[in-house]
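# Examination of the molecular architecture
Chain residues, written in single-letter form:
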Amino acid sequence: MPGPVNPAVRAYALDPRIAEVLGTGAVEPDLRSLRASSAGRPGSDPQVRDDIAHLKGRSLPIRLYQGTRDDCVVVFFHGGGFVKGDLDSHDVQARTLCGVTGRPVVSVGYRLAPEHRFPSAHDDAVEAVRWVHENARTLVGRPAQVAVAGSSAGANLALGAASALASAPSAPVAQLLVCPFASGDPTLPSRTEFAEGYGLTSRAVERFVEAYVSDPAQRRNPRFAPVLSGELAGLPPTVLYSAGLDPLRDDARVLSERLRASGVHVLASEEPTLPHGFVKYAGLSEAARDAVVRMNTAFRDLLDGLGGDVAHSEQELK
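Since the structure is predicted, the reported quantities are computational estimates derived from the model, not experimental observations.

### Section: the overall build of the chain
Secondary structure assignment for the chain yields 11 helices and eight strands. Residue burial in the chain is summarised as follows: out of 318 residues, 54% are buried. For the chain, long-range pairs separated by at least 24 residues make up 77% of all intrachain contacts whose partners lie at least 6 apart in sequence. Total accessible area on the chain stands at roughly 13,400 Å², and carbon and sulfur atoms take up 52% of it.

Written as structure tokens, this is what we have:
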């Protein structure tokens, strides 16, 4: 039985089903427990196969979800604060992305901290996107464009890869960013406003950052904080979904403002009753399930319309 709901949770109208789960005030697990709890096992599916991406000097596990369309391959990066998560932990999210958009999805098992510190994950993301573009014929049967998608730290990596490849042949043509870690700025108001009581805590965010960066000066590096990049104007049309009750809420707000100021087309939605990582609550919360459907549908529509006018994408999703 869950314990009493944190009063702060009630004050900010957290979705009641999610509040039941988060209201227990559970103690944060250590890194080993976090990694163990993130592991899952996908069901057997002939349209899904595990493979290896052979990059320069290393190999990364990938999982390919075959779609019904072959015009674009979506490269997906899981969340987990740069320290946890894998192909299994975000299997359902990748499957859903593939199923709704109809596009093949390649989920990437990038290197994790603290064993592999910054910029290891960023470099893996950039090279993985380039590799998928170069190997699209082998993966899906024909040359194809690439798009990127990710949640939380994975959104950071998707955004970083899109920025690094903005002028390259393998430049992503679209991106889906969910609850992005984009600035790393601990002074943003949401870091205090939602510091505790909403699942992800501000203290946990800082623990993850400390595990990833080896020098505080790296926090100002655009490869760590993509909103600081001078390449934002070259980024592709973006679907940006964030949670209203999230210590990283203002990361998304700052990112949206800077993308628009740089002339990037943005479809943005801030989900007012949901916490960070709301995708994992889609099975118990109607609000979370609705948000997941809308964001994947918006990304599908963006991919479908890439050949035409995307001026409509500056509107706010409701």
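### Details of helix H10 (residues 249-261)
Counted at 1.5 Å a residue, the expected span for H10 with its 13 residues is 18 Å, and the 19 Å between its end C-alpha atoms agrees. Every buried residue of H10 is listed here: Arg249, Asp250, Asp251, Ala252, Val254, Leu255, Ser256 and Leu259. At its buried positions, H10 is contacted by helix H7 (153-164), strand S6 (175-178), helix H8 (189-193), strand S7 (238-245) and strand S8 (266-275). Phi turns positive one or two residues past the end of H10, at Gly263, with a value near 90°.

### Quick notes on the sheet that holds strand S2 (residues 58-65)
Taken in spatial order, the eight strands make up an open sheet running S1-S2-S4-S3-S5-S6-S7-S8, and their pairing is mixed. Looking along the sheet, the strands with just one partner apiece sit at the ends: strand S1 (48-55) and S8. On average, adjacent strands in this sheet sit at an angle of 20° to one another, irrespective of strand direction. Across seven bridges, the pairing between S7 and S8 is parallel. In the sheet register, Leu245 faces S8, and the bridge partner there is Pro275.

### So, the pattern of salt bridges
Applying the stated criterion to the full structure yields 23 salt bridges. Notably, a salt bridge pairs Arg63 with Asp91, separated by 3.3 Å at the nearest N-O pair. Pair noted here: Arg63 is in strand S2 and Asp91 is in helix H4 (residues 91-101), with a separation of 28 residues, a long-range link. Arg142 is the partner of Asp70 in a salt bridge, and the nearest nitrogen-oxygen pair spans 3.5 Å. Pair noted here: Asp70 is in the loop between S2 and strand S3 (72-77) and Arg142 is in the loop between helix H6 (136-140) and strand S5 (145-151), with a separation of 72 residues, a long-range link. The exposure class of Asp70 is partly exposed, given its relative accessible area of 35%. Judged by its relative accessible area of 36%, Arg142 falls in the partly exposed class. Each of the salt bridges in this network shares a partner with another, and the network as a whole consists of Asp45, Asp50, Arg63, Asp88, Asp91 and Arg95.

### As for the side chain of Ser285
Within the fold, Ser285 resides in the loop between S8 and helix H11 (286-304). A relative accessible area of 0% means that Ser285 is categorised as buried. In this structure the side chain of Ser285 is engaged in a polar contact, spanning 3.1 Å, whose partner is the side chain of Asp15. Discounting residues that sit within four places of it in the chain, Ser285 has contacts with Asp15, Arg17, Ile18 and Leu274.

### Some words on the side chain of Arg103
Structurally, Arg103 can be placed in the loop between H4 and strand S4 (105-108). There is a polar contact of 3.1 Å between the side chain of Arg103 and the backbone oxygen of Thr101. Residues in contact with Arg103, not counting those within four places in the same chain, are Tyr65, Gly67, Arg69, Asp71, Cys72, Val74, Cys98, Arg300, Leu303 and Asp304.

### Topic: helix H5 (residues 120-134)
The terminal C-alpha atoms of H5 lie 21 Å apart, and with 15 residues this matches the ideal 21 Å at 1.5 Å per residue to within 8%. Among the residues making up H5, those that are buried are Ser120, Ala121, His122, Asp124, Ala125, Val126, Glu127, Ala128, Val129, Trp131 and Val132.

### Focus on the confidence of the model for the chain
A residue-level look at the chain finds 86% of positions with pLDDT of 70 or above and a mean pLDDT of 89. For the stretch residues 1-11, pLDDT sits under 50, and the model shows 15 contacts to residues farther than four places along the chain or on other chains. Across residues 33-40, confidence stays below pLDDT 50; counting only partners more than four residues off in sequence or on other chains, it has 16 contacts.

Cut-offs applied
- Residues numbered from 1 in each chain as written.
- Predicted model: local features only at pLDDT ≥ 70, side-chain atom pairs only at ≥ 80, totals over all residues.
- Heavy atoms only, no water.
- Helix = DSSP H or I, 4+ residues; strand = E, 2+ residues; numbered from the N terminus.
- Buried < 20%, exposed > 50% of the residue type's maximum accessible area, 1.4 Å probe, protein only.
- Contact = heavy atoms within 4.5 Å.
- Areas by Shrake-Rupley, 256 points an atom, 1.4 Å probe, with all protein chains shown as cover.
- Expected span 1.5 Å × (residues − 1).
- Pairing = 2+ DSSP bridges.
- Axes fitted to C-alpha atoms, helices over the stretch in contact; angles between N-to-C directions.
- Salt bridge = Lys/Arg side-chain N within 4 Å of Asp/Glu carboxyl O.
- Polar contact = N/O pair within 3.5 Å; in protein donor to acceptor, adjacent residues only side chain to side chain.
- pLDDT = per-residue confidence, 0-100.

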